[in-house]
Amino acid sequence: MNERLLSAIKDLLEGQPADSDTTSAIVAVLGGNVAETEVVTRDGFASPFENNSRVLLYSFTKTLMAAALLRFAAAERLGLDDTLDRWLPRHPVAAKITLRDVLAHISGLPDYGGLAEYHAVVRSSSPPWSSDEFLSRTHADRLLFEPRTSWTYSNIGYMLLRDVLTRVGGGDMETVLQRDIFHPLGVKTASVPLTKADLSGFAFGPSRYLAGGGDPVVVANNYDPGWIAHGVVGSSAIDAARMLRGIMETLLPPSSLEEMMKPVTRFASVGPGRPWRRPAYGLGLSMDLDEALGPIYGHTGGGPGCSPAVFHFPRCEPPLTIAVITDGEDIGFAETLLLAAAGEWSRR
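Residues numbered from 1 in each chain as written. Predicted model: local features only at pLDDT ≥ 70, side-chain atom pairs only at ≥ 80, totals over all residues. Heavy atoms only, no water.

**Some details on the packing of aromatic side chains**
As a reminder, the rule being used: Pairing of aromatic rings covers Phe, Tyr and Trp, the last counted by its six-membered ring, and requires centre-to-centre distances within 6.5 Å; plane angles under 30 degrees mean stacked, over 60 mean edge-to-face, and any other angle means tilted. Under the DSSP-based scheme used, a helix requires at least four consecutive residues in state H or I and a strand at least two consecutive residues in state E, with every element numbered from the N terminus. Buried means the residue's accessible area, taken with a 1.4 Å probe over protein chains only, is under 20% of the maximum for its type, while exposed means over 50%, and partly exposed covers the values in between. Here, a charge over a ring is recorded when the distance from Lys NZ or Arg CZ to the ring centre is within 6 Å and its angle to the ring normal is within 35 degrees.
For the coordinates displayed, the defined rule picks out 12 aromatic pairs. Geometrically, the ring pair formed by tryptophan 151 and phenylalanine 267 is edge-to-face, given 4.7 Å between the ring centres and 75 degrees between the ring planes. Residue tryptophan 151 is located in the loop between helix H5 (131-137) and helix H6 (155-169), and its partner phenylalanine 267 is located in the loop between strand E5 (265-266) and strand E6 (279-281); the two are separated by 116 residues in the primary sequence. What makes tryptophan 151 partly exposed here is its relative accessible area of 25%. In textbook terms, an aromatic cluster arises when at least three aromatic residues are bridged by ring pairs, as seen for Tyr112, Tyr118, Trp129, Phe134 and Trp227. In this structure, lysine 62 is placed above the aromatic ring of tyrosine 158, and the distance from its NZ or CZ to the ring centre is 5.7 Å. Above the ring of phenylalanine 72, the side-chain terminus of arginine 77 is found at 4.5 Å from the ring centroid.

As structure tokens, this is what we get:
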């Protein structure tokens, strides 16, 4: 891999505060005929990663789900403007919100990220809530706002989309994604882990989040992926990049890709520590509309033991897709590493 790129990543890792939980990163690059992966680690630390390590992709899963649903829409198996009561007739607000609303986080459905009780039970290694419990504990029987009048990130919304995905797709989430995403793109390492035991094949850094203020703990021993309400895909870093490049270049009809990429909501900022200049969100797709390297498209994820950032840079020559997976729980830093890698690659 490009030495300047690796040096830039190394310098950023070494420049982290001494108490930072990020010590290592997998960097996977797809550009033209190049497919490369390297692990970069701070001096004095041992990396939990190898080049081919499988990692949880956390909220990048939303992009994969959205792509599958867009394929269904292109095949006229559903419509993006169908209301959710077509599949979820008993949900109290399903008749008010469309698939498009939920994909774009403009439905008004709530989230569990701000619930103290959610984080407490996750850290206690308790069994995950059922779908009905997620709905009741977040009061998802009422909307936070009228659909299409505001924006709020909603894992609950994507939990409902998972139900639509599996009903229309005729199988569980892994079966549907295997058929509609993984297999068409030649991806071999992707799966949907369902239980704590399934995490034994994945790599993580130690988690401060799960420790709740104590010494960092081993994720695979203390976390159940069922706490990600919509489900989670795991794969190697290069396969994460391969999936995004496929979505952006070959998997979807042009009209479907245009729908996905169209900015629905634009933001002045997405929070401290995030490097985006002109952030926006489409259908299951984050983007930065800044023209320095972009616009660029993808998704970041955050969860115990790693932070994935997977983005496509269509205006690079040739088009570039990068996945950066850190062993820490700082999503802004993963994004910073990704932009540094893209900048060095574009200058090679």
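**Notes on the pattern of salt bridges**
The following threshold applies: When a carboxyl oxygen of Asp or Glu is within 4 Å of a side-chain nitrogen of Lys or Arg, the pair counts as a salt bridge.
Following the criterion strictly, the structure yields 16 salt bridges and no others. Between arginine 4 and glutamate 344 there is a salt bridge whose closest N-O contact spans 3.8 Å. Placement of the pair is arginine 4 in helix H1 (residues 3-14) and glutamate 344 in helix H12 (residues 331-346), with a sequence separation of 340 residues. Among the residues examined, arginine 4 registers a relative accessible area of 43% and is labelled partly exposed. Shared partners join several salt bridges into a network, and the residues in it are Lys10, Glu14 and Asp43.

**Things to note about H1**
Going by this rule: To estimate the expected span of a helix, count its residues, drop one, and scale the result by 1.5 Å. The arc in question is the one spanned by the directions pointing from the helix axis to the C-beta atoms. By definition in these notes, contact holds between two residues if any of their heavy atoms fall within 4.5 Å. Two N or O atoms count as a polar contact when they lie within 3.5 Å, although within protein this holds only if one can serve as hydrogen donor and the other as acceptor, and sequence-adjacent residues are included solely when both atoms are side-chain atoms.
Taking 1.5 Å per residue, 12 residues should reach 16 Å; H1 reaches 16 Å between its end C-alpha atoms and fits that length. Buried within H1 we find Leu5, Leu6, Ala8, Ile9 and Leu13. Each buried residue of H1 sits inside an arc of 160 degrees when the element is viewed along its axis, so together they form one side. Exposed residues pointing more than 90 degrees away from the buried face of H1 are listed as Glu3 and Asp11. Along its buried surface, H1 packs onto strand E1 (24-31), strand E2 (34-41) and H12. Where H1 starts, the residue carrying a side-chain oxygen 2.8 Å from the main-chain nitrogen of arginine 4 turns out to be asparagine 2.

**Here's the deal with the sheet that holds strand E10 (residues 320-326)**
The condition that has to hold: Whether two strands pair depends on DSSP finding at least two bridges between them.
Strands sit in the order E2-E1-E10-E9-E8-E7-E6-E5 across an open sheet of 8 strands; the sheet is antiparallel. Edge positions in the open sheet fall to E2 and E5, since each of these has one partner strand only. As defined by bridge partners, E1 adjoins E2 across 8 bridges and the pair is classed as antiparallel. Among the inter-strand pairings, valine 29 is bridged to a residue of E2, identified as glutamate 36.

The quantities given are spatial measurements derived from coordinates; they are silent on function.
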